[in-house]
Amino acid sequence: KGYCPYFQKKTVYLDIQPNIPMNRQAYDSTESGYLTDSFGGISNTFTEVEVLWQTTHHLLARAKRYGRWWILKSLKANVSQQAIYQQMLRKELEMLMHLQHPYIVQTVGLEHVEGWGACIVMEYVDGMRLDEWLKTPQSKECRLKLTIELLEAVEYIHSMGMVHRDLKPGNILVTRNGTNIKLIDFGLADDDHIAILKQPAGTPDYISPEQAVHAVPDARNDIYSLGKIIQQLLPERSFKPIVQKCLRPIHLRYQNVTQLCAA
């Protein structure tokens, strides 16, 4: 017998005598019949696959497995056998697997999916793109909250030695549950430890001038893009000096996201 003040209840401890044989048939779960590949109508294979988005070379689909939605990113059939695109997919996977942050999409791994080939498997985020979210009136407090979350995510990426290189509202999701951000699409991301596939890349209107012509990743490239995004998230006059400094020539910008967060 004992007394637990937290629950304000008496707790009774049973004295289990040792060396009493148990009925294996009753307690061994391996004989219960529950350990199967599919059970209760829940399949271990991807079903209900639906294409959500496609680019020139990639397909992004939603699929269900074990009763839960996932995102599959694969190569289109016309490029799926080309080594350079296979390397790009594996490069993206390699970087994503190193990232564990609440405001960055979580990645499970690379799997071969029947009919789709090699796919990066990621969590499904129930939300909308930032540019869609901004089409309806939002409070300054909520917009500032999302801005800080975005900066924290990018600061973390940079601390891991990576540069996103394609920051834009279309690659930022706002969750319906909790109104938080999830940063997605690391297809153009790069770091100093990966020697392959170095090339200028980005999205017009958000890419920094130097990134458009240089292949070497630089954290200040992302800071320029952040300035463009903050301009939309926080259009109030008080934030204009911060935006302007983000958009200055590379040596005059904030040199890291920590400085930008402080501002």
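Refer to the structure presented above.
Residues numbered from 1 in each chain as written. Predicted model: local features only at pLDDT ≥ 70, side-chain atom pairs only at ≥ 80, totals over all residues. Heavy atoms only, no water.

Chemist: Explain the pattern of salt bridges residue by residue, including any values.
Modeler: By the definition in use, this model includes 14 salt bridges. Linking Glu149 and Lys145 is a salt bridge whose minimum nitrogen-to-oxygen distance equals 2.8 Å. Of this pair, Glu149 and Lys145 are both found in helix H4 (residues 140–159), 4 residues apart, which corresponds to roughly one turn of the helix. Of the residues examined, Glu149 reaches a relative accessible area of 5% and is grouped as buried. Given the relative accessible area of 32%, Lys145 is considered partly exposed. Residues joined in a network through salt bridges with shared partners are Lys73, Glu92 and Asp185. (Salt bridge = Lys/Arg side-chain N within 4 Å of Asp/Glu carboxyl O. Helix = DSSP H or I, 4+ residues; strand = E, 2+ residues; numbered from the N terminus. Buried < 20%, exposed > 50% of the residue type's maximum accessible area, 1.4 Å probe, protein only.)

Chemist: Please provide a residue-by-residue account of unusual backbone geometry, values included.
Modeler: Positioned with a positive phi, Arg165 is a non-glycine residue whose angle comes to about 70 degrees. Relative to the elements of secondary structure, Arg165 occurs in the loop between strand E9 (162–163) and strand E10 (172–175). The class of Arg165 is buried, set by a relative accessible area of 4%. Non-glycine residue Asp185 carries a positive phi angle of around 60 degrees.

Chemist: Quick one: what's the story with the sheet that holds E10, residue by residue and with numbers?
Modeler: Spatially, 3 strands are ordered E8-E10-E11 in an open sheet, and the strand pairing comes out antiparallel. Looking along the sheet, the strands with just one partner apiece sit at the ends: strand E8 (127–129) and strand E11 (181–183). For this sheet, the mean angle separating the axes of adjacent strands, direction not counted, is 30 degrees. The pairing of E10 with E11 spans 3 bridges and is antiparallel. Residue pairing for E11: Ile172 is matched across the bridge by Leu183. Lying on the sheet, H4 is in contact with E10 and E11; it crosses E11 at an angle near 30 degrees. (Pairing = 2+ DSSP bridges. Axes fitted to C-alpha atoms, helices over the stretch in contact; angles between N-to-C directions. Contact = heavy atoms within 4.5 Å.)

Chemist: Give a description of the layout of surface pockets that names residues and reports values.
Modeler: Of the volumes computed, that of the largest pocket is approximately 1200 Å³. Looking at the largest pocket, it is lined by 38 residues, and the ones nearest its centre are Trp53, Leu60, Asn171, Ile184 and Asp185. At 4 residues, strand E4 (residues 58–65) tops the list of elements feeding residues into the lining of the largest pocket. A breakdown of the residues in the lining of the largest pocket according to their chemical character gives 18 nonpolar, 10 polar and 10 charged. Lining the second largest pocket we find 15 residues, and of these Leu75, Ser80, Trp116, Gly117 and Ala118 sit closest to its centre. Those elements that provide at least two residues to the lining of the second largest pocket are strand E5 (68–75), helix H2 (83–96) and strand E7 (117–123). Among the elements that make up the lining of the second largest pocket, the one with the highest residue count is H2 (3 residues). (1 Å grid on protein atoms, 1.4 Å probe; cavity = no way out; pocket = protein on both sides within 12 Å on 5 of 7 lines; lining within 4 Å. Points joined across faces, edges and corners; volume = space filled by probe spheres on them. Nonpolar A, V, L, I, M, F, W, Y, C, P; charged D, E, K, R; others polar.)

Chemist: Got a sec to walk through the nonpolar core? Specific residues and values, please.
Modeler: Ile104, Leu150, Leu183, Phe186, Leu226, Ile229 and Leu260 are the most contacted members of the largest nonpolar core, which totals 50 residues. Beyond its immediate sequence surroundings of up to four residues, Leu150 is in contact with Ile172, Ile181, Leu183, Leu226 and Ile229. (Core = buried A, V, L, I, M, F, W, Y, C linked by side-chain atoms within 4.5 Å.)

Chemist: Kindly report on the packing of aromatic side chains, identifying the contributing residues and their values.
Modeler: For the structure shown, the criterion picks out 0 aromatic pairs. Over the face of the ring belonging to Trp69 we find Arg62, whose NZ or CZ atom lies 3.8 Å from the ring centre. The side chain of Arg62 reaches across the aromatic face of Tyr124, ending 5.4 Å from its centre. (Phe/Tyr/Trp six-rings, centres within 6.5 Å; stacked < 30°, edge-to-face > 60°. Lys NZ or Arg CZ within 6 Å of the ring centre and 35° of its normal.)

Chemist: So, H4: which residues are in play, and what are the values?
Modeler: Look at H4: 28 Å from first C-alpha to last across 20 residues, which is about the 28 Å you get at 1.5 Å a residue. Buried residues of H4: Cys142, Arg143, Leu146, Thr147, Glu149, Leu150, Leu151, Ala153, Val154, Tyr156, Ile157 and His158, and no others. Those residues of H4 that are buried lie in contact with helix H3 (130–133), E9, E10, E11, helix H5 (219–233) and helix H7 (257–262). Taken from the residues just after H4, Gly161 is the one with a positive phi, measuring 80 degrees. (Expected span 1.5 Å × (residues − 1).)

Chemist: Please give an account of the side chain of Asp166 that cites residues and values.
Modeler: Mapping Asp166 onto the fold places it in the loop between E9 and E10. Side chain to side chain, Asp166 and Thr203 meet in a polar contact 2.6 Å long. (Polar contact = N/O pair within 3.5 Å; in protein donor to acceptor, adjacent residues only side chain to side chain.)

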